[in-house]
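The residues making up each chain are set out below.
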Amino acid sequence: MTSYAYFHKQFVPLSEARIGVMTHCLHYGTAVFEGIRGNWNSEQKQIYLFRLKEHYERLHNGCRILKIDLPYTIDELYQITIELVERCGFQENIYVRPLAYKSSESLGVRLHDLDSDFLVFIIPWGPYLDVDKAKCGISSWRRPDDNVIPPQAKITGLYANNALAKTEAIEHGFDEAIMLTPDGHVSEGSGENIFLVIDSKLVTPASYNNILMGITRNTVMELAQNELGIETIERLVDRSELYMAEECFLTGTAAHITPIAEVDHRKIGNGEIGEITKKLQKIYSDVIRGKNPKYLDWCTPAYKK
Ligand code: PMP
């Protein structure tokens, strides 16, 4: 099975998709990316692309911020992605990585007077965090404010912040970092949003806490409300609330719903996967594989029958 890319308006083997060393985004982080999951349903022999529309809407919004001229409508991006999945023909979970970037081979820090291009490629990709439950540490790296570099967009340059936090966490023996806002409130993981269970309700940092508005975050909020009757409160979260929470978990396209066992060497609950987290994991796992008819609108089947 070969990975393919859509690159320079053509479908090519991934190994042939190459950019020049002077490409602007390589030097200045002037690109916007997405991460989309294609989830393998073995009974139906189908790959379901999860919430494609929302991912491409977020990409379009990021392009507005970075003044990237993305010459494709959401519909066209849909079609390109489906054709790419079909060409690759994987029969396992996949990850789709679209990138809209400043493509001029030209140096000089700026956003104006530069060409833009779009590429997307697919790789097979299993679990991201590689653990059933994660040990997290509060990072010494803070999440930037919107007027430093907007965390609401997946801007490649922004992810140096996430990389600093992630590697610090791993070097300290944790699985994942939890970053705070500059004023010391809980923001998010290096590639995930965070939820707490307090008094049997979900609590999560709000849009003004320098987070990426995660699509999995939104999915979990909807599923918790519709399927379990549990509401989510979006608000400021203190660091110490993490230590006292009944349950905590991370959400992300790559990480799905990953329970948190410990924060800063303090067990969350009894350190095992919490009841609400477990229920949400089960519901979510069916929904993303197209197994729950109520949520098929979120799932785009890639293979023709
Ligand atoms: N926060 C950050 C910093 C991320 O990189 C991601 C992954 N895209 C998320 C949160 C989760 O977002 P989503 O659920 O849309 O993947």
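What counts, and at which threshold
- Along each chain, residue indices are assigned from 1 in the same order as the chain's sequence is written.
- Side-chain atom pairs in this predicted model are given and counted only at pLDDT of 80 or more, local residue features only at pLDDT of at least 70, and totals for whole chains, interfaces and linings cover all residues.
- To obtain the side-chain values, all non-hydrogen atoms of the structure were included, while hydrogens and water were left out.
- What makes a salt bridge here is a side-chain nitrogen of Lys or Arg within 4 Å of a carboxyl oxygen of Asp or Glu, nothing more.
- Secondary structure counts use DSSP, requiring at least four H or I residues in a row for a helix and at least two E residues in a row for a strand, with both numbered from the N terminus.
- Only protein chains enter the accessibility calculation, which uses a 1.4 Å probe; a residue is then buried when its area is under 20% of its type maximum, exposed when over 50%, and partly exposed in between.
- Near is defined per residue: the residue qualifies when any heavy atom it owns lies within 4 Å of the molecule or strand.
- A 3.5 Å cut-off defines polar contacts: any pair of N or O atoms within that distance qualifies, except that in protein one atom must be a possible hydrogen donor and the other a possible acceptor, and neighbouring residues in sequence count only when both atoms are side-chain atoms.
- Exposure was quantified through the Shrake-Rupley algorithm and a 1.4 Å probe, taking into account, for residues, occlusion by the shown protein chains and nothing else.
- Side-chain classes are defined by residue name, with Ala, Val, Leu, Ile, Met, Phe, Trp, Tyr, Cys and Pro counting as nonpolar, Asp, Glu, Lys and Arg as charged, and the others, Gly among them, as polar.
- Buried residues of nine kinds, namely Ala, Val, Leu, Ile, Met, Phe, Trp, Tyr and Cys, make up a nonpolar core once their side-chain atoms join them within 4.5 Å.
- In this document the domain limits rely on a domain assignment from an automatic tool or a database.
- Here a residue-residue contact requires only that any non-hydrogen atoms of the pair lie within 4.5 Å.
- Multiplying one less than the number of residues by 1.5 Å gives the expected span of a helix.
- The term buried area means the drop in 1.4 Å probe accessible area that two parts suffer when joined, counted for both and summed.
- Following DSSP output, two strands are said to pair if at least two bridges run between them.

Chemist: What exactly am I supposed to notice about the pattern of salt bridges here?
Modeler: Oppositely charged side chains may form a pair once their charged atoms are brought near each other. With the rule as written, the count across this model stands at 16 salt bridges. E34 serves as the salt-bridge partner of R58, at 2.7 Å between the closest nitrogen and oxygen. In this pair, R58 is assigned in helix 2 (residues 52-66) and E34 in the loop between strand 3 (31-33) and strand 4 (36-41), connecting sequence segments 24 residues apart. Classification of E34 by relative accessible area gives buried; the value is 1%. The partner of E241 in a salt bridge is R235, and the shortest N-O contact between them spans 2.8 Å.

Chemist: Whenever I open this one, the site of the ligand confuses me. Can you help?
Modeler: Within the structure, the ligand sits among 17 residues, and K154, Y159, E188, T216 and T253 are positioned closest to it. Within the side chain of K154, one N or O atom sits 2.7 Å away from a nitrogen atom of the ligand. Here a nitrogen atom of the ligand and a side-chain polar atom of E188 are 2.7 Å apart. For the ligand, the protein covers 96% of the area, taking 380 Å² as the surface of the free molecule. Among the secondary structure elements, those contributing two or more residues to the shell around the ligand are helix 4 (159-171), helix 5 (215-228) and strand 14 (247-252). A breakdown of the residues in the shell around the ligand according to their chemical character gives 3 nonpolar, 9 polar and 5 charged.

Chemist: I'm lost on the nonpolar core in this one. Help?
Modeler: Across soluble globular proteins, nonpolar side chains show a tendency to be buried alongside one another. Counting 44 residues, the largest nonpolar core has I47, Y56, L70, V85, F118, V120 and I122 as its most contacted members. For this core, the elements supplying multiple residues, two or more each, are strand 1 (4-7), strand 3, strand 4, strand 5 (46-50), helix 2, helix 3 (74-88), strand 6 (94-102) and strand 7 (116-124). For this core, the domains that each give at least three residues are domain 1 (4-124) and domain 2 (134-288). Residues within four places of L70 in sequence aside, it is in contact with L59, H60, C63, L77, A100 and F118. Among the nonpolar cores identified, the runner-up in size contains 21 residues, and L202, Y284, I288 and C299 belong to it.

Chemist: Is there a simple way to think about helix 5 in this case?
Modeler: Note: α-helices contain 3.6 residues per turn, so residues at a spacing of three or four share the same orientation. Compared with an ideal rise of 1.5 Å per residue, which puts 14 residues at 20 Å, helix 5 spans 19 Å between its outermost C-alpha atoms and is within 8% of the ideal. Here helix 5 has its buried residues at I215, T216, R217, T219, V220, M221, L223 and A224. Positive phi shows up at G229, right after helix 5, with a value of about 65 degrees.

Chemist: Would you mind going over unusual backbone geometry with me for this structure?
Modeler: Backbone geometry follows two general trends: most residues other than glycine have a negative phi, and most peptide bonds adopt the trans configuration. The phi dihedral of S200 falls on the positive side, at around 60 degrees, and the residue is not glycine. In this structure, S200 sits in the loop between strand 11 (193-198) and strand 12 (201-204). Backbone geometry places H265, a non-glycine residue, at a positive phi of 65 degrees. One can find H265 in the loop between strand 15 (256-263) and strand 16 (266-267).

Chemist: Would you take a moment to explain the domain arrangement of the protein for this structure?
Modeler: Many analyses report the size of an interface as the accessible area lost when the parts associate. Looking at the assigned domains, one finds that the protein contains domain 1 (4-124) and domain 2 (134-288). Listed as interface residues are 21 residues of domain 1 and, on the opposing side, 19 residues of domain 2. In total, domain 1 and domain 2 occlude about 1,600 Å² of area from one another, counting both sides; carbon and sulfur atoms represent 65% of this. When residues of domain 1 are sorted by the area they lose upon contact with domain 2, F33, F50 and R58 head the list and together hold 37% of the total. Counting across the interface, domain 1 meets domain 2 through 0 salt bridges. When contributions to the side of domain 1 that touches domain 2 are tallied by element, the ones reaching two or more residues are strand 3, strand 4, strand 5, helix 2 and strand 6. Ranked by residues supplied to the side of domain 1 that touches domain 2, first place goes to helix 2 with 6 residues. In terms of residue class, the side of domain 1 that touches domain 2 is made up of 10 nonpolar, 6 polar and 5 charged.

Chemist: Can you help me understand the pairing of strand 1 in this one?
Modeler: Across a regular strand the side chains alternate sides, sitting on one face of the sheet and then on the other. Two elements, strand 1 and strand 2 (residues 10-13), share 4 bridges in a ladder whose sense is antiparallel. Each residue of the ladder has a partner; that of Y4, found in strand 2, is P13. The pairing of strand 1 with strand 7 spans 2 bridges and is classified as antiparallel. Bridging from a neighbouring strand, Y6 pairs with V120 of strand 7.

Chemist: I keep staring at the environment of F90 and nothing clicks. Help me out?
Modeler: Position of F90 among the secondary structure elements: in the loop between helix 3 and strand 6. Accessibility expressed as a relative area gives 5% for F90, which makes it buried. Residues F90 and H112, 22 residues apart in the sequence, show an inter-C-alpha distance of 39 Å. F90 has contacts with M1, T2, S3, W40, I47, I122, P124 and Y303, leaving out every residue within four places of it along the chain.

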